[in-house]
Amino acid sequence: MQYDVENTQQQKEESRLNQPITTKFLLRFTIPTILSMVVMGVFSTVDGVFASRGISTEALAAVNFVAPFFSITMAIGFMLSLGGCALVAKRKGEGQHRLARENFSFLTLVTFLSSVAISLASWILRTPLLHLLGTDPAVMGLAMDYLQPLIIGMPFILIGVFVVQFIIAEGNPMLGMVATMLGSVLSAALNAIFTFVLDMGVVGLALASTIGWSVSAVMGLAYFTFNRKGTIYFVKPKWDSFALWRSSLNGISELITSAAITVTSVVMNNVLVRLVGWEGVAAAGIVIAVQGALTTLFWGYASGVAPLVSYNFGRQDRERLNKLFRKSLGVMAVLSGIALVATFVFADPLVRIYVSPNDPFMGHLHAMAMRGLRIAALSFILMGFNTFATSWFTAFNDGLISGLMSVMRTMVFALILLVTLPRVWDLDGVWVALPLAEVLAVVLTVFFLWKMGDKYMYRSKQPLK
């Protein structure tokens, strides 16, 4: 009887993944993930806003110096979650439901133990870490105050990242959106209280972020502990070196992307300090924050559609994979246009959130960020296409291609341009490097999408209806 109930629940869940591939279905399936990613992206910029408006511009610079560390540690959670989701969804498509549950439980434990190890190592090395990040001595104390609570809260943050992605893979993107939104809204509310009421400075900003992610972690852990109706829930974990290796390899592009962005951000900060001082880092922080919030449109769709790709790859369904590919390219083109237009239309009010042009001391920072944002926004023309392609290969459990594309796009091309272009165009060279890196990356993207079309069955051998 219990087997029949479980089998029925699995059939209901798989029916959500096995509907006809139409644009309407894709949007209905991915919009909750897009919204949750957008909310996450918007609220991840809140620390910078409160630092600038509620504390000081020096505090904004301090937050931006620490941001690369936060990004790369978050990437470890994304690596295991997105890579693990690709593996577990493939298992489900193959009908190996018990193995899918065991792999999920094992990867959750690995994520927790990894986060504890990262937290301990980062605490011991926190001073050298800030020097490695290129922190300006003028804001070193503020950066340390902001970094320490984030280190302590790292296990909660990484588990929150991990479980939300698996809620989406379970076929319940609405719950994933709710968990993300609740945590993000709580974080923003606590930011206001800690900054304006309790006057806790940058320490309050870090605490608010940690508490917000803890909400997502608790909701996700409770869901997979007590909800036994779906395919995925906690069981006794079993050591599986193949699952760990495959999940890490699948998600390596996310880790490489964040690691590359971290290295690129450190190089950019050093270039900006050399060109215009720490104020350049503050301006870049505004540009990257606004751009990052809009790129969540691309990551939201790519993450939302990935379980469908992995599931249908497990079923070896060429026709559905081809439809997913063609329709996804159309969706990404529309999202790219939205991001580009939104940046140019709302550039001024977005930058004003951080700094006013009428500020007698920091008005020039507004002008600097405005120019940088409008130049950097040109990257949206191709960024969505490149982002989708990276996630596309991750969903096929091909971390090698995904990782290669990521490292070339976000580090090799970007670093070369960041080192060379400012010598020619000074500050503008920093901003131009961002869209030009996407131009160079698109050549590699097109090559791999064409080359691997037959292997991964998304290039149709006959016309589809």
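Right, let's walk through the structure included here. (Residues numbered from 1 in each chain as written. Predicted model: local features only at pLDDT ≥ 70, side-chain atom pairs only at ≥ 80, totals over all residues. Heavy atoms only, no water.)

### A few points about the overall build of the protein chain
So, point 1. When helices and strands are tallied, the protein chain shows 19 helices and zero strands.
So, point 2. Looking at the 465 residues of the protein chain, the share that counts as buried comes to 59%.
So, point 3. When contacts within the protein chain are restricted to residue pairs at least 6 apart in sequence, long-range pairs at least 24 apart make up 82% of them.
So, point 4. A total accessible area of about 18,500 Å² is found for the protein chain, and carbon and sulfur atoms account for 69% of it. (Helix = DSSP H or I, 4+ residues; strand = E, 2+ residues; numbered from the N terminus. Buried < 20%, exposed > 50% of the residue type's maximum accessible area, 1.4 Å probe, protein only. Contact = heavy atoms within 4.5 Å. Areas by Shrake-Rupley, 256 points an atom, 1.4 Å probe, with all protein chains shown as cover.)

### Comments concerning the pattern of salt bridges
So, point 1. Counted by the stated rule, this structure contains six salt bridges.
So, point 2. Lysine 238 is the salt-bridge partner of glutamate 102, the closest N and O atoms lying 3.6 Å from each other. A residue pair is termed long-range when its members are at least 10 positions apart, and glutamate 102 in helix α5 (residues 97-124) and lysine 238 in the loop between α10 (201-226) and α11 (241-250) qualify at 136 residues.
So, point 3. Taking relative accessible area as the criterion, glutamate 102 reaches 12% and is therefore assigned buried.
So, point 4. Here lysine 238 falls in the partly exposed class, since its relative accessible area comes to 46%.
So, point 5. Between arginine 352 and aspartate 348 there is a salt bridge whose closest N-O contact spans 2.7 Å. Here arginine 352 and its partner aspartate 348 are both found in helix α14 (residues 318-352), four residues apart, which amounts to about one turn of the helix.
So, point 6. Since its relative accessible area comes to 37%, arginine 352 is described here as partly exposed.
So, point 7. Look at the salt bridges and you will find they share partners, linking Arg98, Glu102 and Lys238 into a network. (Salt bridge = Lys/Arg side-chain N within 4 Å of Asp/Glu carboxyl O.)

### A word on the nonpolar core
So, point 1. Counting 71 residues, the largest nonpolar core has Leu130, Tyr146 and Ile286 as its most contacted members.
So, point 2. Listed in part, the 39 residues of the second largest apolar core include Phe298, Phe313, Met405 and Met457. (Core = buried A, V, L, I, M, F, W, Y, C linked by side-chain atoms within 4.5 Å.)

### Description of empty space enclosed by the protein
So, point 1. A full pass over the atoms with the stated rule returns three cavities of 30 Å³ or more.
So, point 2. Space inside the second largest cavity adds up to approximately 130 Å³.
So, point 3. Taken together, 15 residues make up the lining of the second largest cavity; nearest its centre are Leu82, Cys85, Ser303, Ala306 and Pro307.
So, point 4. If you tally residues by element for the lining of the second largest cavity, the top one is helix α13 (residues 278-314), at five residues. (1 Å grid on protein atoms, 1.4 Å probe; cavity = no way out; pocket = protein on both sides within 12 Å on 5 of 7 lines; lining within 4 Å. Points joined across faces, edges and corners; volume = space filled by probe spheres on them.)

### Overview of the packing of helix α15 (residues 363-376) against helix α19 (residues 427-451)
So, point 1. At a minimum axis separation of 8 Å, α15 and α19 run at an interaxial angle of 30°. The pairing of α15 with α19 is recorded here as roughly parallel in orientation. Judged by the twist between their axes, the crossing of α15 over α19 is right-handed. Residues Met368, Arg371, Gly372, Ile375 and Ala376 of α15 touch α19, and the partners they reach there are Leu427, Asp428, Trp431, Val432, Leu434 and Pro435.
So, point 2. Tallied by class, the residues present in the contact of α15 with α19 amount to eight nonpolar, one polar and two charged. (Axes fitted to C-alpha atoms, helices over the stretch in contact; angles between N-to-C directions. Parallel < 35°, antiparallel > 145°, perpendicular 65-115°, else oblique. Left-handed = near helix turned anticlockwise from the far one by under 90°. Nonpolar A, V, L, I, M, F, W, Y, C, P; charged D, E, K, R; others polar.)

### Quick word on the packing of aromatic side chains
So, point 1. This structure, assessed with the given rule, holds 21 aromatic pairs.
So, point 2. Seen in terms of ring centroids, phenylalanine 104 and phenylalanine 224 are 4.6 Å apart; in terms of plane orientation they differ by 55°. Their pairing is tilted. Of this pair, phenylalanine 104 sits in helix α5 while phenylalanine 224 sits in helix α10, and the two are 120 residues apart along the sequence. This pair shows no difference in class: phenylalanine 104 is buried, exactly as phenylalanine 224 is.
So, point 3. Considering the side-chain rings of phenylalanine 298 and phenylalanine 380, the 6.1 Å spacing of their centres and the 65° angle between planes classify their relative orientation as edge-to-face. Pair noted here: phenylalanine 298 is in helix α13 and phenylalanine 380 is in helix α16 (residues 380-395), with a separation of 82 residues, a long-range link. There is no split in this pair, since phenylalanine 298 and phenylalanine 380 are both buried.
So, point 4. One Lys or Arg, arginine 126, reaches over the ring of tryptophan 123 and ends 4.1 Å from the middle of that ring. (Phe/Tyr/Trp six-rings, centres within 6.5 Å; stacked < 30°, edge-to-face > 60°. Lys NZ or Arg CZ within 6 Å of the ring centre and 35° of its normal.)

### Things to note about the side chain of threonine 445
So, point 1. Mapped onto the elements of the fold, threonine 445 is located in helix α19.
So, point 2. On the basis of relative accessible area, threonine 445 is assigned to the buried category, the value being 3%.

### As for the environment of phenylalanine 344
So, point 1. In this fold, phenylalanine 344 is placed in helix α14.
So, point 2. Separated by 30 residues in the primary sequence, phenylalanine 344 and arginine 374 place their C-alpha atoms 6.4 Å from one another.
So, point 3. If we ignore the near neighbours within four places in the chain, the residues touching phenylalanine 344 are Arg374, Ala377 and Leu378.

### Remarks on the packing of helix α4 (residues 57-93) against helix α7 (residues 140-152)
So, point 1. Close contact between α4 and α7 brings their axes to 8 Å; oriented N to C, the two are set at 40°. By the criterion of interaxial angle, the relationship of α4 to α7 is oblique. Crossing angle aside, the handedness with which α4 passes α7 is right-handed. In contact with Glu58, Ala59, Ala62, Val63, Val66, Phe69 and Phe70 of α4, α7 contributes Leu142, Ala143, Tyr146, Leu147, Leu150 and Ile151.
So, point 2. For the contact of α4 with α7, the residue count by class is twelve nonpolar, no polar and one charged.

### Observations concerning the environment of leucine 340
So, point 1. Along the polypeptide, leucine 340 turns up in helix α14.
So, point 2. Given the relative accessible area of 22%, leucine 340 is considered partly exposed.
So, point 3. In this structure, the C-alpha to C-alpha distance between leucine 340 and phenylalanine 380, residues 40 residues apart in sequence, is 5.7 Å.

### A look at a nonpolar patch on the surface
So, point 1. Among the surface-exposed residues, Trp123, Ile124, Leu125 and Ile152 lie close enough to one another that they form a single nonpolar patch of about 430 Å² accessible area.
So, point 2. Examined against the element boundaries, isoleucine 124 turns out to sit in helix α5. (Patch = residues over 30% accessible without salt bridge, like charges linked within 9 Å, V, L, I, M, F, W, Y side chains within 5 Å.)

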